[in-house]
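# Observations on the model geometry
Each chain, letter by letter, is given below.
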Amino acid sequence: MEVVICRDAAQVGIVAAEKVADRLRGRANPVIGLATGSSPLDLYAHLAKLVDDGALDLSQAYGFALDEYVGLAHEHPESYHAVIHRTVTEPLRMNPARVRVPNGMAADLVGAAQQYEEAIRAAGGVDVQVLGIGSNGHIGFNEPFTSFGSRTHRVPLTEQTRNDNARFFDSMDQVPTHALTQGLGTIMDSRTAVLVATGEHKADAVAAMIEGPVAIAMPASILQFHPDVHVVLDEAAAAKLASRDHFHKL
Ligand code: GLP
């Protein structure tokens, strides 16, 4: 696990985007795993700048989102279908036909989850997985006590996660109760993972992920076993790391 501590959130976005771009360049059909949430927005903005400058071409790339709410129409502005289209597909000039998001509207969610796993495999597997981290240590929507071997599956959302995400909806009762998410096993299959976290509200989860025991109470801790994972933090998110002097500071 490589840990980089940046001055601020803007630098986190640039440093993380450069790592993602490095892994995607030179591949004929690169595959990028896409997180939603606010954390990766600066990363995507810098990737879009590289694309605009001609330093990166993602027109032949495949994209796979980590997760989607169950029962939220794809047209809803806060559905991850809409968010990924707005923040990734369009600005990164990706081919919409090659960007997939789990189908949380499927009548058969088990079948939809299996098809999603097959689609990732058919594309050749994920080259670089972009990740954020929830304040309770979730990655994707894999909440605490999700099995480390899990594949794409339906999950109930914890109250903490629903509260964290309530800011995107008009009222709490509109926040979905379930999601379809890539499993921890799916995420661990990515060749490279780049996790970004900023702000003091992430500091406890970040410290537990990097320094704590690998335990299903802290889903992100499984990344300690990932063969090529890069964690890019700002000072606030790194504040509770006992080992912070040990890591690379920019
Ligand atoms: C969301 C997403 C995750 C994301 C996390 C953190 O609910 N499902 O993929 O990483 O929670 O979100 P944010 O970056 O907005 O703090």
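What comes next is a walk through the structure. Everything numeric here is computed off the predicted structure, so don't read it as measured data.

### A few points about the sheet that holds strand E4 (residues 67-69)
The strand order across the open sheet built from 3 strands is E4-E8-E7, with neighbouring strands paired in antiparallel fashion. Two strands lie at the open edges of the sheet, namely E4 and strand E7 (153-156), each paired on one side alone. Neighbour-to-neighbour, the strand axes of this sheet turn through a mean angle of 25°, independent of strand direction. Bridge count between E7 and strand E8 (residues 178-181): 4 bridges; the pairing is antiparallel. Residue His153 lies in a different strand from E8, and its bridge partner there is Thr181.

### A short note on the layout of surface pockets
By volume, the largest pocket amounts to about 420 Å³. Looking at the largest pocket, it is lined by 25 residues, and the ones nearest its centre are Gly37, Ile133, Gly134, His138 and Lys202. The dominant element in the lining of the largest pocket, judged by the number of residues it contributes, is helix H5 (residues 159-165), at 3 residues. Of the residues assigned to the lining of the largest pocket, the class counts are 8 nonpolar, 13 polar and 4 charged. Roughly 180 Å³ of internal volume is contained in the second largest pocket. What lines the second largest pocket is a set of 15 residues, and nearest its centre among them are Gly37, Ser38, Glu78, Val83 and Phe168. Sorting the residues of the lining of the second largest pocket by element identifies helix H2 (41-52) and helix H3 (80-89) as the ones contributing at least two each. Residue composition of the lining of the second largest pocket, grouped by class: 8 nonpolar, 4 polar and 3 charged.

### Details of the site of the ligand
Surveying the vicinity of the ligand reveals 14 residues, the closest of which are Ser38, Ser39, Asp67, Asn165 and Lys202. A distance of 3.3 Å is found between a nitrogen atom of the ligand and a backbone nitrogen or oxygen belonging to Gly140. Between an oxygen atom of the ligand and a side-chain N or O atom of Arg167, the distance comes to 3.0 Å. Protein contact buries 94% of the 390 Å² of open area that the ligand shows by itself. Looking at the shell around the ligand residue by residue, the classes come out as 3 nonpolar, 8 polar and 3 charged.

### Here's the deal with the pattern of salt bridges
Applying the stated criterion across every chain, the model contains 13 salt bridges. Put simply, Lys19 and Glu2 hold a salt bridge, and the shortest N to O gap is 2.9 Å. With Lys19 in helix H1 (residues 9-24) and Glu2 in strand E1 (residues 2-6), this residue pair connects regions lying 17 residues apart in the sequence. Taking relative accessible area as the criterion, Lys19 reaches 17% and is therefore assigned buried. On the basis of relative accessible area, Glu2 is assigned to the partly exposed category, the value being 29%. Arg151 is the partner of Glu117 in a salt bridge, and the nearest nitrogen-oxygen pair spans 3.0 Å. Separated by 34 residues along the polypeptide, Glu117 in helix H4 (residues 109-122) and Arg151 in the loop between strand E6 (128-131) and E7 bring together distant segments of the chain. The exposure class of Glu117 is buried, given its relative accessible area of 7%. A single network of salt bridges, built from pairs that share partners, joins Arg27, Asp127 and Arg191.

What counts as what
- Residues numbered from 1 in each chain as written.
- Predicted model: local features only at pLDDT ≥ 70, side-chain atom pairs only at ≥ 80, totals over all residues.
- Heavy atoms only, no water.
- Pairing = 2+ DSSP bridges.
- Helix = DSSP H or I, 4+ residues; strand = E, 2+ residues; numbered from the N terminus.
- Axes fitted to C-alpha atoms, helices over the stretch in contact; angles between N-to-C directions.
- 1 Å grid on protein atoms, 1.4 Å probe; cavity = no way out; pocket = protein on both sides within 12 Å on 5 of 7 lines; lining within 4 Å.
- Points joined across faces, edges and corners; volume = space filled by probe spheres on them.
- Nonpolar A, V, L, I, M, F, W, Y, C, P; charged D, E, K, R; others polar.
- Near = heavy atom within 4 Å.
- Polar contact = N/O pair within 3.5 Å; in protein donor to acceptor, adjacent residues only side chain to side chain.
- Areas by Shrake-Rupley, 256 points an atom, 1.4 Å probe, with all protein chains shown as cover.
- Salt bridge = Lys/Arg side-chain N within 4 Å of Asp/Glu carboxyl O.
- Buried < 20%, exposed > 50% of the residue type's maximum accessible area, 1.4 Å probe, protein only.

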